[in-house]
Each structure stands twice: as structure tokens, then as C-alpha cells.
Amino acid sequence: MKSTSFIFGLKQTARGLRQNALMSLASVLTVALSLLVAGLFGLITVNLGHLARLAEQQVEVTVFLDDALSDQGVRAVEAQLKALPGVTQVTFVSKDQALERLKAVFADDKDLLAQVEQENPLYRSFEVRTAQPAQIKPAADAAAKLPGVIKVNYKQEVVERLFRVTRAIRVSGLVIMVALALAMVMIISNTIRITVFARRREIAIMKLVGATDGFIRWPFVCEGMVLGASGAVFTVAALWIGYGWAWNSIRRGLPFIPLLPRQPLLFELAGLIIAAGTLIGAVGSALSLRRFLRV
Amino acid sequence: MIQLIDVTKVYANNVVALKDINLRVDRGEFVFVVGPSGAGKSTLIRLLFREEVATKGQVIVHGKNVARLRRSSIPLLRRTIGVIFQDFKLLPDRNAFDNVAFALEVTEAPRREIRRRVPAVLELVGLKDRAKAYPHELSGGEQQRVAIARAIVNGPSILVADEPTGNLDPDTSWGIMNLLQTLNRNGATIIMATHAKAIVNAMKKRVVAMDHGRIIRDQAEGVYAHEVN
């Protein structure tokens with residue numbers, strides 16, 4: 001396409017958007033909202049995945065010891081734990097240390113703490129770390145069979161549940177996104193159809209004087225892409241502001257939930273959203289033109 | 001240049017617009033197609049630039065059967081045929097210059113070319129000073145001149161006109177006919193469907209008379225209708 005035609009097409013595009021301003025605005029907002037929903041799903045999925053992976057990396061086995069076990073028995077268990085394959089670190093947690101930790105978590109719950117402090121019900125334990133997440137379960141199973149061990153806890157289940165939730169959200173998010181994409185295509189296609197209809201005379205004359213289909217089509221496709229991309233820009237702005245706000249308040253209120261920082265994540269998502277908006281706009285207008293160009 | 005061989009056109013509602021038409025028009029000819037409304041004149045004209053496709057038979061323009069053209073080749077055919085209508089078909093939101101330039105823009109002509117050729121054809125049709133006027137500011141005759149300028153700006157070898165003087169008064173019509181005659185002398189092949197009896201009789205060109213979808217008479221230096229004896 002030559003540059004004069006490119007400019008000609010851009011003028012046509014601007015003409016169409018102006019003539020059809022209200023409908024254009026409506027489709028831009030619809031696209032923005034739909035993409036916003038899609039973007040939120042994306043952010044939630046990515047963060048849950050991040051959370052699950054973090055938890056997976058942190059996995060450790062907590063081995064609780066019977067109160068009746070002698071100090072000698074405790075040392076024997078420690079030696080046996082250290083001998084397990086993959087185990088890199090074994091840390092002893094005394095009853096007092098366990099209590100201190102509990103106090104830190106439930107600092108606000110004075111009643112509970114008072115009760116617990118009277119008679120410490122917490123077990124002594126070993127915290128066992130392995131080199132790789134896969135070595136957790138065998139280590140935990142082996143530890144459970146040692147004499148004097150009454151209970152073994154590890155976070156694998158939490159991690160698995162987290163992954164399951166992430167998968168479920170990702171799948172339902174995809175389904176919703178596909179439905180939204182279809183709706184957006186229809187909305188844009190409808191808007192473009194109105195522009196095409198308003199300019200059917202012009203199109204007919206263009207065809208009479210020998211304009212190719214591509215030449216006639218592209219200003220409309222361009223118009224659709226502008227609609228989709230503008231909607232996407234709104235979405236990106238909303239997500240940028242919203243995520244920043246959510247990130248700050250979660251870090252202050254719920255510091256143990258490690259959200260991904262805004263910087264690389266939202267840039268990538270912004271690119272994706274704008275690309276999706278533009279593509280959807282192009283598809284929508286191409287769809288509405290297919291019928292109209294048969295003259 | 002143009003040849004129709006056994007052409008029949010039946011519309012979707014089973015109206016037979018053309019029946020076994022055979023016609024040959026050579027380079028540089030000026031042909032009137034006359035006949036009552038519904039005789040098939042417009043359909044014949046529209047077959048030439050493939051606005052319609054023949055149901056049967058061949059329509060050959062520049063040695064090619066237009067019915068067999070690939071979709072992508074249709075625009076190229078249309079660039080070699082200038083088309084003029086009774087209702088001018090100008091774009092109301094563009095001035096005369098831009099209406100003419102439109103035909104070049106869609107062929108992706110360079111801007112330099114547009115600035116050179118549009119004023120030249122506007123001068124040729126006698127509208128040098130009206131380039132900035134919008135269609136509603138122009139008289140019917142002037143509008144038709146703009147339409148003709150648009151039709152010829154691509155330098156087509158064939159001009160087809162469907163009742164070009166149908167909306168114009170006699171004096172204005174003669175202005176348009178003189179313009180078409182000039183274009184014909186400059187080498188354009190012209191096929192014009194018309195009801196304008198006085199014009200046809202005065203110009204003494206080839207006349208193809210149609211009725212009920214058939215050619216009933218084809219006469220060199222003809223007249224609109226035979227004298228009733």
C-alpha cells in the first residue's frame with residue numbers, strides 16, 4: 001500500500017469515527033469493561049500461580065515429638081532425620097520457642113494466649129528442609145515411622161490445593177474470556193456495520209471507479225482496530241491504577257501474601273491486552289464487511 | 001473492443017432483462033442504446049462493467065470475458081471503463097476537485113499525479129473555476145460535468161453512460177453531449193443509453209434500439225425510431 005493510500009485510508013477512518021461518535025464510544029467502553037474482566041482474571045491467576053510456586057519452594061516438614069521422649073531420644077531422631085536422603089537442614093524448635101511463635105501470630109488474642117501460657121500444650125519439633133520439593137514426601141513418610149515422632153506436617157497439600165485452585169480459575173477464566181471476546185467482536189462488528197451503512201454510497205462509488213476490496217476494507221478494519229485498541233488502553237490504565245492500589249493495601253494489611261510487583265507484570269499484561277483489543281477490533285470489522293463488499 | 005455473444009440475463013425474480021443479445025462495438029465508436037423503459041438498456045450497460053453478470057453467453061471487453069474475471073481483477077476492468085449515471089453519483093461531502101480526485105485516490109495514484117490530472121480534466125469539462133464548489137452548489141449540468149471528469153480522469157478507453165441527460169434540461173443536455181462528442185473524437189469509445197429522442201436524431205450516430213430484452217434494430221447514423229408509415 002502506497003503512502004497516499006495510507007493517508008487516504010486514515011482520513012476515511014477518522015471520518016467514520018467522527019460520524020459515529022456515540023456508538024464508537026459505547027463500543028470502546030464495552031471493550032474496556034470486557035478486557036478489564038479478562039485482565040482481572042489474568043492478574044488473579046498469575047498471582048495465585050506465583051503464590052503456589054513460592055509455597056512449593058518453601059516446603060518443609062515439621063516433625064512433632066512426643067513429650068515423653070528423652071533428650072537422648074530427641075538427639076537420636078535428629079541424627080536419623082539428618083541421614084534421610086535430600087535433607088539439608090534440621091532445626092530444633094523447643095516448647096518455649098513454639099510458644100513465642102504462637103504469640104507473634106496471635107498477638108491480639110489475649111484470652112487464648114493467657115490460657116496457653118499457663119500450661120504450654122505445644123510439642124517440641126524439628127523443622128526439616130530438603131534440597132528439592134520432590135524429596136519432601138519421602139522424607140515426611142520416613143520421619144513419621146521414627147520412634148518418638150507423633151505427627152508429621154508438611155505443606156505439600158496446601159501447595160497442591162493452591163495449584164488446583166489456580167487451575168480452576170485459569171480454566172473458568174479462559175471460558176469467560178472466550179465468551180467476552182465473542183461479545184466484543186459482535187459489538188465492534190455492529191458499530192462498523194453502522195459506519196459501513198452510513199457510507200454505502202461512498203463504497204458503491206469506490207467500487208464503480210475501480211477500488212479494490214482491500215482498499216475499501218482497510219479504513220473500516222482500521223476503525224475497528226482503533227476502537228479495540230482504545231478500549232484496551234482504558235483497561236490498561238484502570239488495571240495499572242487498581243493493581244497499584246491493591247498491591248499497596250495488601251502489603252500493608254496482609255503482608256504474608258506476596259503479590260507480584262507491578263512493574264514487569266503489568267507491562268507484559270498491557271501488551272497482551274492491547275494486542276487482544278486490536279485483534280478483536282480487526283476481526284469484528286472484517287466480519288461485518290464480508291457481507292457488504294459483495295456488490 | 002466490446003462484444004456480446006448470445007447474452008441472456010435473468011434476474012433473481014425471473015424477470016428476463018436480456019434475451020440472446022449479440023452486439024459488437026469497435027474502438028472509437030459512439031453508440032446510442034435506445035428503447036422504452038424496461039427494454040434492457042441499463043442491464044446491457046451494467047454488464048459491461050460487471051455490475052451485473054450475464055446468466056448465459058459471453059460479455060467480452062478488451063478481449064476478456066468479464067463473467068470469468070476473478071474477483072480481484074474486477075477493479076482493474078472498472079479502471080478502464082468510465083461510468084456516467086443519470087443521478088451523477090457524486091459524494092455530497094466533497095467538493096468537485098475531491099470528487100474527481102476520489103477516482104484517482106482509489107487507484108492509489110501518487111499525489112503529484114492527482115494534482116496534475118484533476119485540474120486538467122476539470123478544465124476539459126469546463127469547470128476550471130468550480131473546483132472548490134460542493135455538489136449542492138453546482139447546477140445539474142455542472143454536477144454531470146464533474147461526474148464525467150471523474151469518469152475520464154483515469155484515462156479509460158471506454159465510456160458508458162446510463163441516461164446521462166435524463167435529469168437535465170435540453171440546453172444543458174446539449175452541453176453534455178458536446179462534451180461527450182469531444183471525448184469520442186479524442187478516442188474514447190462511448191456507449192450511451194438514452195431516452196433523449198432529439199439528441200439521438202440530431203447526432204446521427206449508430207443507434208441500437210431495444211425492446212423487451214432484444215435488439216430490434218442496429219443502424220449506423222440512425223435515428224431514435226423509424227417513422228411510422
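Computed from a prediction, not measured in an experiment: that's the story for all the values here.

Chemist: Teacher, can you tell me more about the overall build of chain A here?
Modeler: Helix and strand counts for chain A come out as 10 helices and 4 strands. Each helix (α) and strand (β) of chain A, taken in turn from the N terminus, gives the series α-α-β-α-β-α-α-β-α-β-α-α-α-α. Expressed as a percentage of the 295 residues in chain A, the buried residues total 33%. If you take every contact in chain A between residues at least 6 apart in sequence, the share linking residues at least 24 apart comes to 86%.

Chemist: Please clarify how the confidence of the model for chain B should be interpreted in this entry.
Modeler: Caution applies to low-pLDDT regions: their predicted coordinates should not be interpreted in detail. Overall, the prediction assigns chain B a mean pLDDT of 92, with 98% of residues at 70 or greater. Under the prediction, the complex receives an ipTM of 0.85, its pTM being 0.70.

Chemist: Even after reading the chapter, I still don't get the interface of chain B and chain A, so can you show me in this structure?
Modeler: A common way to express how large an interface is: the accessible area buried when the components associate. Facing the 16 residues of chain B at the interface are 13 residues of chain A. Of all the elements in the fold, those that place two or more residues in the side of chain B that touches chain A are α2 (74–78) and α3 (96–105) of chain B. Of the residues in the side of chain B that touches chain A, the class split is 8 nonpolar, 1 polar and 7 charged.

Chemist: Would you mind showing me how to read the environment of A:Val63 here?
Modeler: Residues and elements named next belong to chain A. Here Val 63 is to be found in strand β1 (residues 60–65). The class for Val 63 is buried, based on 28 C-beta atoms found within 10 Å. Along the backbone, Val 63 and Ser 125 are 62 residues apart, and their C-alpha atoms lie at a distance of 5.3 Å. Sequence-distant contacts of Val 63, defined by excluding residues within four places in its chain, comprise Leu 81, Ser 125, Phe 126, Val 128, Ala 143, Val 149 and Val 152.

Chemist: What am I meant to see in unusual backbone geometry here?
Modeler: With the exception of glycine, most residues fall at negative phi, and the peptide bonds are largely trans. Residue and element names in this part refer to chain B. In this structure, Asn 14 takes a positive phi of about 70 degrees despite not being glycine. Along the chain, the position of Asn 14 falls in the loop between β1 (2–10) and β2 (16–25). Exposure remark for Asn 14: the 6 C-beta atoms within 10 Å place this residue in the exposed category. Positive phi outside glycine occurs at Glu 163, with the angle close to 50 degrees. Turning to its location among the elements, Glu 163 is positioned in the loop between β7 (158–162) and α6 (170–185).

Chemist: Honestly, helix α4 (residues 111–124) of chain B in this entry has me stumped. Any pointers?
Modeler: Helical geometry: 3.6 residues make up each α-helical turn, so side chains three or four residues apart lie on a common side. All names here are of chain B. Between the first and last C-alpha of α4 there are 20 Å, a value that for 14 residues agrees with the 20 Å anticipated at 1.5 Å per step. Those residues of α4 not exposed but buried are Ile 114, Arg 117, Val 118, Val 121 and Leu 122. Around the axis of α4, the buried residues are gathered within 130 degrees of arc, so they sit on the same side. Exposed and facing more than 90 degrees away from the buried side of α4 are Arg 112, Arg 116 and Ala 120.

Cut-off values and rules
Residues numbered from 1 in each chain as written. Chains lettered and ligands numbered in written order. Predicted model: local features only at pLDDT ≥ 70, side-chain atom pairs only at ≥ 80, totals over all residues. Helix = DSSP H or I, 4+ residues; strand = E, 2+ residues; numbered from the N terminus. Buried ≥ 20, exposed ≤ 12 C-beta atoms within 10 Å, placed from the backbone. Contact = placed C-beta atoms within 7 Å. pLDDT = per-residue confidence, 0-100. Nonpolar A, V, L, I, M, F, W, Y, C, P; charged D, E, K, R; others polar. Expected span 1.5 Å × (residues − 1). Arc of directions from axis to C-beta.

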